[in-house]
Amino acid sequence: MSEKKVAVVTGGSRGIGKEVALKFAREGFDVVIIDLFEDEEAKATVEELKAAGSKSKIYLGDISKEDQVDGVVEAILKDYGTIHVLVNNAGITKDNLLLRQTASDITAVITVNLIGTMLMTKACLRTFMRQKYGRIVNISSVVGIIGNKGQANYSASKAGVIGFTKTVAQEYGKKNITCNAVAPGFIETRMTEAMTDEAKAAIAGNISLGRYGTPKEVANLVYFLASDQSEYITGEVIRIDGGLA
Ligand code: NAP
């Protein structure tokens, strides 16, 4: 059982999710991460979280599979007692021009990025409703707002996350549950390293601040949207893109 507030971060072992997890740990949360594999990087992240004072564990599961999502959330509730914050961060890309995207490229990206976010949220909602408190922060993307060549599947999934965010905010606001989205631009992680040159070129020239963002900068915004400083904000989408959009 946890004596602190509990934050769950999907895909928290690396990239943006790792910095989000560390931010919550440093702010006094117990932080749980959900990931597909427990590799060396994931183990190192859990050690860093513990060093920051958080009672942390990694739970393995695929957020796009309902039985795994339900099983993991049940295990977290058994171990920690409750959940206060859910950060839906896990996501994937399979970039290509639409004509070259296979049906399985399209299905995979929408299933993880959109359906995974929906299933995780659904699994946590009863707990949030019972305690009349919940903070949900979904990681969308600026390309869900403005589109991007080579990312038809991904931008559609991230636009879907925005519609989903606004609907959850309306359905559960009266239970003191807020649901917001952040829409990062081009952030330095493994994901942007893997983008095609075409997709990179389409974005890079247009960043007003002239540089990519860092996972830490995104983590600060995510934390703000889960903190008491933002308790009257819900159904909002905040871009963090150096002026790209
Ligand atoms: P990343 O470094 O690739 O990390 C993604 C994480 O999600 C990994 O830990 C990965 O686990 C996990 N994951 C993937 N599929 C999963 C599944 N089905 N179930 C559970 N976990 C899964 O990506 P990132 O750049 O930090 O991106 C984080 C989020 O920000 C994503 O939603 C992404 O779309 C969004 N975003 C990123 C950027 C950017 O520029 N980087 C911009 C806008 C939005 P494994 O490592 O085990 O595969």
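Conventions adopted
- Residues numbered from 1 in each chain as written.
- Predicted model: local features only at pLDDT ≥ 70, side-chain atom pairs only at ≥ 80, totals over all residues.
- Heavy atoms only, no water.
- Axes fitted to C-alpha atoms, helices over the stretch in contact; angles between N-to-C directions.
- Helix = DSSP H or I, 4+ residues; strand = E, 2+ residues; numbered from the N terminus.
- Left-handed = near helix turned anticlockwise from the far one by under 90°.
- Contact = heavy atoms within 4.5 Å.
- Nonpolar A, V, L, I, M, F, W, Y, C, P; charged D, E, K, R; others polar.
- Buried < 20%, exposed > 50% of the residue type's maximum accessible area, 1.4 Å probe, protein only.
- pLDDT = per-residue confidence, 0-100.
- Disulfide = S-S within 2.5 Å.
- Phe/Tyr/Trp six-rings, centres within 6.5 Å; stacked < 30°, edge-to-face > 60°.
- Salt bridge = Lys/Arg side-chain N within 4 Å of Asp/Glu carboxyl O.
- Near = heavy atom within 4 Å.
- Polar contact = N/O pair within 3.5 Å; in protein donor to acceptor, adjacent residues only side chain to side chain.
- Areas by Shrake-Rupley, 256 points an atom, 1.4 Å probe, with all protein chains shown as cover.
- Pairing = 2+ DSSP bridges.
- Right-handed = clockwise from strand over helix to strand, strands pointing away.

Enquirer: So what's going on with the packing of helix α3 (residues 66-80) against helix α4 (residues 103-130)? Residues and values would help.
Expert: Put simply, α3 and α4 touch, their axes get as near as 9 Å, and they point 35 degrees apart. The handedness of the crossing between α3 and α4 comes out as right-handed. Touching Glu66, Val69, Asp70, Val73 and Leu77 of α3 are Leu119, Met120, Lys122, Ala123, Cys124 and Thr127, all from α4. Residue classes in the contact of α3 with α4 are distributed as seven nonpolar, one polar and three charged.

Enquirer: Could you give an account of unusual backbone geometry, naming the residues involved and the relevant values?
Expert: In this structure, Lys132 is a non-glycine residue whose phi angle is positive, near 50 degrees. Backbone geometry places Asn176, a non-glycine residue, at a positive phi of 60 degrees. Take Asn176: it is sitting in the loop between α6 (152-172) and β6 (177-184). For Asn176, a relative accessible area of 34% corresponds to the partly exposed category.

Enquirer: Lay out the confidence of the model for the chain with the relevant residues and their values.
Expert: When pLDDT is averaged along the chain, the result is 96; 100% of the residues meet or exceed 70. Averaged over each element, pLDDT in the chain is lowest for helix α8 (residues 197-204) (73) and highest for strand β4 (residues 85-88) (99).

Enquirer: Can you explain the state of the cysteines? Please cite residues and give values.
Expert: Applying the stated criterion across every chain, the model contains zero disulfides. Free cysteine Cys124: the closest other cysteine sulfur is in Cys179, separated by 11 Å. By relative accessible area, which is 1% here, Cys124 ends up buried. Relative accessible area serves as the criterion here: at 0%, Cys179 is assigned to the buried category.

Enquirer: Which residues make up the packing of aromatic side chains, and what are the values?
Expert: Considering all chains together, one arrives at four aromatic pairs under this definition. Ring centres 6.3 Å apart and planes at 90 degrees place the aromatic pair Phe29 and Tyr223 in the edge-to-face group. Placement of Phe29 in the loop between α1 (15-26) and β2 (30-35) and of Tyr223 in helix α9 (residues 215-226) is noted, with a sequence separation of 194 residues between them. Here Phe29 matches Tyr223 in class, with each residue buried.

Enquirer: Residue-level account of the environment of Lys23, with values.
Expert: As for its placement among the helices and strands, Lys23 is situated in helix α1. Between the C-alpha atom of Lys23 and that of Lys216, which follows or precedes it by 193 residues, the distance is 8.1 Å. Not counting residues up to four positions away in its chain, the partners in contact with Lys23 are Ala219, Asn220 and Tyr223.

Enquirer: Could you give an account of the pattern of salt bridges, with specific residues and numbers?
Expert: Under the definition given, this model contains eleven salt bridges. Taking the shortest distance from any N to any O, the salt bridge between Arg14 and Asp39 comes out at 2.9 Å. Of this pair, Arg14 sits in the loop between β1 (6-10) and α1 while Asp39 is found in the loop between β2 and α2 (40-51), placing the two residues 25 residues apart along the sequence. Between Lys65 and Asp62 there is a salt bridge, with the nearest N and O atoms lying 3.2 Å from each other.

Enquirer: Got a sec to walk through the site of the ligand? Specific residues and values, please.
Expert: What surrounds the ligand is a group of 29 residues, the closest being Arg14, Asp35, Asn89, Tyr154 and Thr189. The contact in question runs from an oxygen atom of the ligand to an N or O atom on the side chain of Asp35, over 2.6 Å. Ile187 places a main-chain nitrogen or oxygen 2.8 Å from an oxygen atom of the ligand. A total of 900 Å² of accessible area belongs to the ligand in isolation, and the protein chains cover 95% of it. Going through the elements one at a time, α1, α6 and α7 (190-193) are the ones with two or more residues in the shell around the ligand. A per-element tally of the shell around the ligand places α7 first, with three residues.

Enquirer: Could you give me a rundown of the pairing of strand β5 (residues 134-139), with the residues and numbers involved?
Expert: Most of β5 is tucked away: six of the six residues are buried. Of the two faces of β5, the one carrying Gly134, Ile136 and Asn138 and the one carrying Arg135, Val137 and Ile139 are both buried. Here β4 runs beside β5; their pairing, made up of four bridges, is parallel. Following the sheet pairing, Val87 is matched in β5 by Val137. On the question of chirality, the crossover connecting β4 to the parallel β5 by way of α4 is right-handed. As judged from the six bridges shared by β5 and β6, these two strands associate in the parallel manner. If you follow Ile139 over to β6, its bridge partner there is Val182.

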